[in-house]
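Chain residues, written in single-letter form:
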Amino acid sequence: MRLFEGKAGWALLAALALAFPLVAPNSYLISVATLAFIMAIAALGLNLITGYTGQFNLAHGAFMAIGAYTVGILTVDHQVPFWIAFALAGVVTGVLGYFIGRLSLRLRGHYFSIFTLCVSYILFLLIEKWESLTHGPVGIMGIPAPTGIGPVQFGTPLAQYYLVLAFLALGLWVMARIVRSLVGRSFMAVRNSDDLAEALGIDLMRTKTLSFVLSVIYAGFAGALYAGQVRFLGPDLASEAVTFDLIMFVLVGGVGTLLGPLVGTFLVTWLTQSLQFLQDFRMVVFGPVLVALIIFLPDGIVGTWLKRRARRADAAQADTRSLVAVTEAKSNA
């Protein structure tokens, strides 16, 4: 794990991601990796509101569907260029997230989670039943791939892989700037204690709403990329199953860590693909593996590693202080 510390670690991860298509045996695995990158972007957003702000949002997958359907409706029904629709996907999810956040964040704890679960189901019903807008259960077909930028085209799986990878890298960079800023410290203060954060002068509603809006914008852009990659949308994208998948990615990787959502997404995706040969029985193996990870690594893979590293550092400092104290005692004697 020491290889993945600091800037050198991020550079190594970037090099591995850039080199993956060169060793991938077929385009199918490249497409799977592209979808994993998209889900990782959405998981980064969920980690912001849940891991850094302490608000357990169960409607995150529905906001991803909002972003995807914004692109699908605008490009297929209204012939809007893809990149304009892509930008509007972030705007629509952000505006919708603001109003839903202002309403739902008046609640705390599990009441907030239950409310957002209800919001998720309402959005799912709207997508499924509003046939004149969303095409209902039939879904939206024929969504165009992202249009090229100058000589660079994105019509092939390889090109889309690098496009989504670029957005993931941008999303990581922005998220790192957010969580390490004063705003990010405010999010963590709210996570630790509402009362203490308020005593420090932090506006709870404004801080929580900002975190909620930023998180759903990540989901909206992930959904927009999903629409351009899969080229077909159905109401199932707004189901609670997508949100639970994102929660699983964050929990396995490590809640409240920058690297955790990536590790969780890639590990779970790899396990899922590795167990494809079991067909209908793969969940018999996959389920216990996930349960074991959560039981023995409750802080996630990255979270557990960070805690162990912190304990080792504290132990080393304690040994150093003890050695200094013994040395001073001997010199005084």
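Scroll up a little and you will see the structure.
Predicted model only: the values in this text are computed from it and were never measured. (Residues numbered from 1 in each chain as written. Predicted model: local features only at pLDDT ≥ 70, side-chain atom pairs only at ≥ 80, totals over all residues. Heavy atoms only, no water.)

1. Side note on the packing of aromatic side chains
Across all of its chains, the model carries 15 aromatic pairs by this definition. Each ring, one from tryptophan 83 and one from phenylalanine 154, has its centre 6.4 Å from the other, and the planes form 80°; the classification is edge-to-face. Highlighted residues: tryptophan 83 in helix H4 (residues 82-104) and phenylalanine 154 in the loop between strand S1 (140-141) and helix H7 (157-179), separated in sequence by 71 residues. Residue classification places phenylalanine 154 among the buried positions, given a relative accessible area of 8%. Aromatic ring contacts, followed pair by pair, group Phe82, Trp83, Phe86, Phe154, Phe167 and Phe221 into a single cluster. (Phe/Tyr/Trp six-rings, centres within 6.5 Å; stacked < 30°, edge-to-face > 60°. Helix = DSSP H or I, 4+ residues; strand = E, 2+ residues; numbered from the N terminus. Buried < 20%, exposed > 50% of the residue type's maximum accessible area, 1.4 Å probe, protein only.)

2. As for the nonpolar core
Judged by nonpolar contacts, the single largest core of 78 residues is most densely connected at Val71 and Phe212. When residues of this core are assigned to their parent elements, the largest contribution, 14 residues, is made by helix H2 (residues 27-52). With residues near it in sequence (within four places) discarded, phenylalanine 212 still touches Ile49, Asn57, Phe63, Gly97, Ile100, Gly101, Leu105 and Phe112. Formed by five residues, the second largest nonpolar core is a distinct cluster that contains Ala189, Val190, Ile202 and Leu204. (Core = buried A, V, L, I, M, F, W, Y, C linked by side-chain atoms within 4.5 Å. Contact = heavy atoms within 4.5 Å.)

3. Concerning the environment of asparagine 192
Structurally, asparagine 192 can be placed in helix H8 (residues 182-192). Residue classification places asparagine 192 among the exposed residues on the basis of a relative accessible area of 57%. For the pair formed by asparagine 192 and threonine 53, sequence separation is 139 residues and the distance between their alpha carbons is 8.2 Å.

4. Considerations on the side chain of threonine 70
Within the fold, threonine 70 resides in helix H3 (residues 60-77). Excluding its chain neighbours within four sequence positions, the residues that come into contact with threonine 70 are Ala85, Leu88, Ala89 and Val92.

5. Some details on unusual backbone geometry
The backbone of histidine 135 shows a phi angle near 70°, a positive value even though the residue is not glycine. Relative to the assigned elements, histidine 135 resides in the loop between helix H6 (131-134) and S1. Residue class for histidine 135 comes out partly exposed when judged on its relative accessible area of 26%. Not every positive phi belongs to a glycine, and arginine 231 is a case in point at roughly 75°. Its location among the elements puts arginine 231 in the loop between helix H10 (204-230) and strand S2 (232-233).

6. Some thoughts on helix H5 (residues 110-129)
An ideal rise of 1.5 Å per residue puts 28 Å on 20 residues; H5 measures up with 28 Å between its terminal C-alpha atoms. What H5 keeps buried is the set Phe112, Ser113, Thr116, Val119, Ser120, Leu123, Phe124 and Ile127. Seen along its axis, H5 keeps its buried residues to an arc of 140°; they face one direction. Along H5, exposed side chains directed more than 90 degrees from the buried face belong to His110, Tyr111 and Lys129. As for H5, its buried residues are in contact with H3, H4, H6, H10 and helix H11 (240-253). (Expected span 1.5 Å × (residues − 1). Arc of directions from axis to C-beta.)

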